[in-house]
Amino acid sequence: MAKQRKSQRMTQRKWPLMAAAVVLVGIVAVILVTRNTPCCATEGQIIEDIAPAAYVEQFGNGSADHVLIDVRTPEEFASGHIAGAVNIPVDALQDRLSEVSRERTVVVYCRSGNRSATASQILAQAGYSDVRDLGGINAWSEQGYPVQ
């Protein structure tokens, strides 16, 4: 009888942990599935992730009209950036929107992808209709693309 109660208590303790694990797996699955899916920021504006290889293929030869914005700090920018990029730190972007053409595709990147996601949202909410998030320069460099 004591063994049966102990077994029941063990089973009762496992259920909350198993339920938490199932929820966590579900959240991770949703994140992975939607990671590379365009995200609707506001009505009519779409923010699209763009991988380094896709960026080079689409914009690398200079034929596609776009503006590439490095949203890191000036110090980070000076330590190495993608050729052709302009530096507008994410903290200053809202105040410097007049420097960013609404007529061109806007591609943003940072160090790891967090600030570029924020910058993408700022641009979309300001009415920019073609915003691409390149993510981080770390991934760019790891894939063998040059920085200057």
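As shown above, the structure is provided for reference.
About the thresholds
Residues numbered from 1 in each chain as written. Predicted model: local features only at pLDDT ≥ 70, side-chain atom pairs only at ≥ 80, totals over all residues. Heavy atoms only, no water. Phe/Tyr/Trp six-rings, centres within 6.5 Å; stacked < 30°, edge-to-face > 60°. Helix = DSSP H or I, 4+ residues; strand = E, 2+ residues; numbered from the N terminus. Buried < 20%, exposed > 50% of the residue type's maximum accessible area, 1.4 Å probe, protein only. Core = buried A, V, L, I, M, F, W, Y, C linked by side-chain atoms within 4.5 Å. Contact = heavy atoms within 4.5 Å. Salt bridge = Lys/Arg side-chain N within 4 Å of Asp/Glu carboxyl O.

**Considering the packing of aromatic side chains**
And step 1. Under the counting rule described, the total for this entry stands at 3 aromatic pairs.
And step 2. Taking the centre distance of 5.8 Å and the plane angle of 65° together, the rings of Tyr55 and Trp140 count as edge-to-face. On the criterion of sequence distance, the pair formed by Tyr55 in helix α2 (residues 52-59) and Trp140 in helix α6 (residues 137-142) is long-range, its members being 85 residues apart. Assigned by exposure class, Tyr55 and Trp140 land together as buried.

**Things to note about the nonpolar core**
And step 1. Among the nonpolar cores identified, the biggest contains 16 residues, and Ile69, Leu93, Val100, Val106 and Leu123 are the most heavily contacted of them.
And step 2. Counting only elements with at least two residues in this core, the list comes to β3 (66-70), α4 (90-93), β5 (105-110) and α5 (114-125).
And step 3. Once residues lying within four places of it in the same chain are set aside, the contact partners of Val100 are Val67, Ile69, Ile88, Leu93, Val106, Leu123 and Tyr128.
And step 4. By size, the runner-up hydrophobic cluster in this structure holds 12 residues, among which are Ile50, Phe77, Ala85 and Ile137.

**Quick look at the pattern of salt bridges**
And step 1. Counted according to the given criterion, the structure contains 5 salt bridges.
And step 2. The closest approach of N and O atoms between Arg72 and Asp70, which form a salt bridge, is 2.7 Å.
And step 3. Given a relative accessible area of 5%, Arg72 falls into the buried group.
And step 4. Given a relative accessible area of 0%, Asp70 falls into the buried group.
And step 5. Note that Asp130 and Arg132 form a salt bridge whose closest N and O atoms lie 3.1 Å from each other.

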